[in-house]
Amino acid sequence: MTQTSQTADEWANLLEAVARRQDTKAFEALFKHFAPLIKAFALSSGLHSQGDHLPEELVQDVMLSIWRKSASYDRRKAAPSTWIFTIARNQRIDMLRRLNKYRADVSADAIWDLESDTELFGEVRQSRIQDKVKAGLYDLPVDQRQVMAKVFLEDKSHQEVADEMKLPLGTVKSRVRLAMKKMKLSLEALDL
């Protein structure tokens, strides 16, 4: 039986042999067939433009994942090639994210500008507070969240919100007050 004449069932059997017995011969057959295909996928998707070594690195990462995760393969859910290329696609995305995470066009002046350090700290702190406020909004009961969104995000008066939602003005004010109290407590607990 040659590599080219392998069927999906035979590839599935090889994957299962790797999973059950850590069968190196089965893994070698998978490697010989799929490694060039994964490398071609990496090249065709432009991964080599980020670094010449990356297509080979992707092949190694994917094959290592196949070795480690072969027990999670289920032939009833996907063909072996589909399962393997899903891993390859996900690994490629992760690799690009890692590369872009550390890529920065920063000048030396920006690094050493001490005045901007305090501004940056303030911006980061402000961003964290905004994120926590947004998260706090979603933790509120729906009726309080709706009123808060209209008052603070849509910049409407309490009376406008009451008219729009067909609620008594006192109910709107109570919901805002309760929501503010809950959000204040949650922000104080975070010690921002």
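A.B. asks: I tried to follow the nonpolar core on my own but got confused; where do I start?
C.D. replies: In globular proteins that are soluble, nonpolar side chains generally tend to be buried together. Among the nonpolar cores identified, the biggest contains 27 residues, and Ile38, Val62 and Ile66 are the most heavily contacted of them. Secondary-structure elements contributing two or more residues to this core are α1 (8-21), α2 (24-44), α3 (54-69) and α4 (80-102). It is α2 that provides the largest number of residues to this core, a total of seven residues. Ignoring anything within four residues of it in the chain, the contact list for isoleucine 66 reads Leu15, Phe27, Trp83, Ile84 and Ile87. Counting 11 residues, the second-largest nonpolar core is a separate cluster that includes Val147, Met148, Ala162 and Ala179.

A.B. asks: It is not clear to me how the packing of α2 against α3 should be interpreted in this structure. Could you clarify?
C.D. replies: A packed helix pair is summarised by two numbers, namely the angle formed by the two axes and the spacing between the axes. Two elements in contact, α2 and α3, have axes separated by 9 Å at closest approach and are oriented at 145°. Considering the relative orientation of α2 and α3, their crossing is right-handed. Counting all contacts with α2, which are made through Thr24, Phe27, Leu30, Phe31, Ala35, Ile38, Lys39, Phe41, Ala42 and Leu43, the residues of α3 involved are Pro55, Glu56, Leu58, Val59, Gln60, Val62, Met63, Ile66 and Trp67. The residue makeup of the contact of α2 with α3, split by class, is 15 nonpolar, two polar and two charged.

A.B. asks: Looking at this structure, I do not really get the packing of aromatic side chains. What am I missing?
C.D. replies: Centre distance and the angle of the planes are the two values used to describe a pair of aromatic rings. According to the stated counting rule, one finds six aromatic pairs in the structure shown. Seen from their ring centres, phenylalanine 27 and phenylalanine 31 are 6.3 Å apart, and the 50° between their planes marks the pair as tilted. Here phenylalanine 31 and phenylalanine 27 lie together in helix α2, a separation of four residues that amounts to about one turn. With a centroid separation of 5.1 Å and an interplanar angle of 75°, the aromatic rings of phenylalanine 27 and tryptophan 67 are classed as edge-to-face. Placement of phenylalanine 27 in helix α2 and of tryptophan 67 in helix α3 is noted, with a sequence separation of 40 residues between them. On the accessibility criterion, phenylalanine 27 (17% relative accessible area) is buried. With a relative accessible area of 26%, tryptophan 67 lands in the partly exposed category.

A.B. asks: Looking at this structure, I do not really get α2. What am I missing?
C.D. replies: Three or four residues apart is the spacing at which side chains of an α-helix point the same way, because the helix has 3.6 residues per turn. In this model α2 runs 29 Å from its N-terminal to its C-terminal C-alpha over 21 residues, within 8% of the 30 Å that 1.5 Å per residue would give. All of the buried residues along α2 are Ala26, Phe27, Leu30, Phe34, Ala35, Ile38 and Ala42. Backbone nitrogen of lysine 25 and a side-chain oxygen of the N-cap are separated by 2.9 Å at the start of α2; the cap is aspartate 23. Remark: glycine 46 follows α2 within two positions and exhibits a positive phi of approximately 80°.

What counts as what
Residues numbered from 1 in each chain as written. Predicted model: local features only at pLDDT ≥ 70, side-chain atom pairs only at ≥ 80, totals over all residues. Heavy atoms only, no water. Core = buried A, V, L, I, M, F, W, Y, C linked by side-chain atoms within 4.5 Å. Buried < 20%, exposed > 50% of the residue type's maximum accessible area, 1.4 Å probe, protein only. Helix = DSSP H or I, 4+ residues; strand = E, 2+ residues; numbered from the N terminus. Contact = heavy atoms within 4.5 Å. Axes fitted to C-alpha atoms, helices over the stretch in contact; angles between N-to-C directions. Left-handed = near helix turned anticlockwise from the far one by under 90°. Nonpolar A, V, L, I, M, F, W, Y, C, P; charged D, E, K, R; others polar. Phe/Tyr/Trp six-rings, centres within 6.5 Å; stacked < 30°, edge-to-face > 60°. Expected span 1.5 Å × (residues − 1). Polar contact = N/O pair within 3.5 Å; in protein donor to acceptor, adjacent residues only side chain to side chain.

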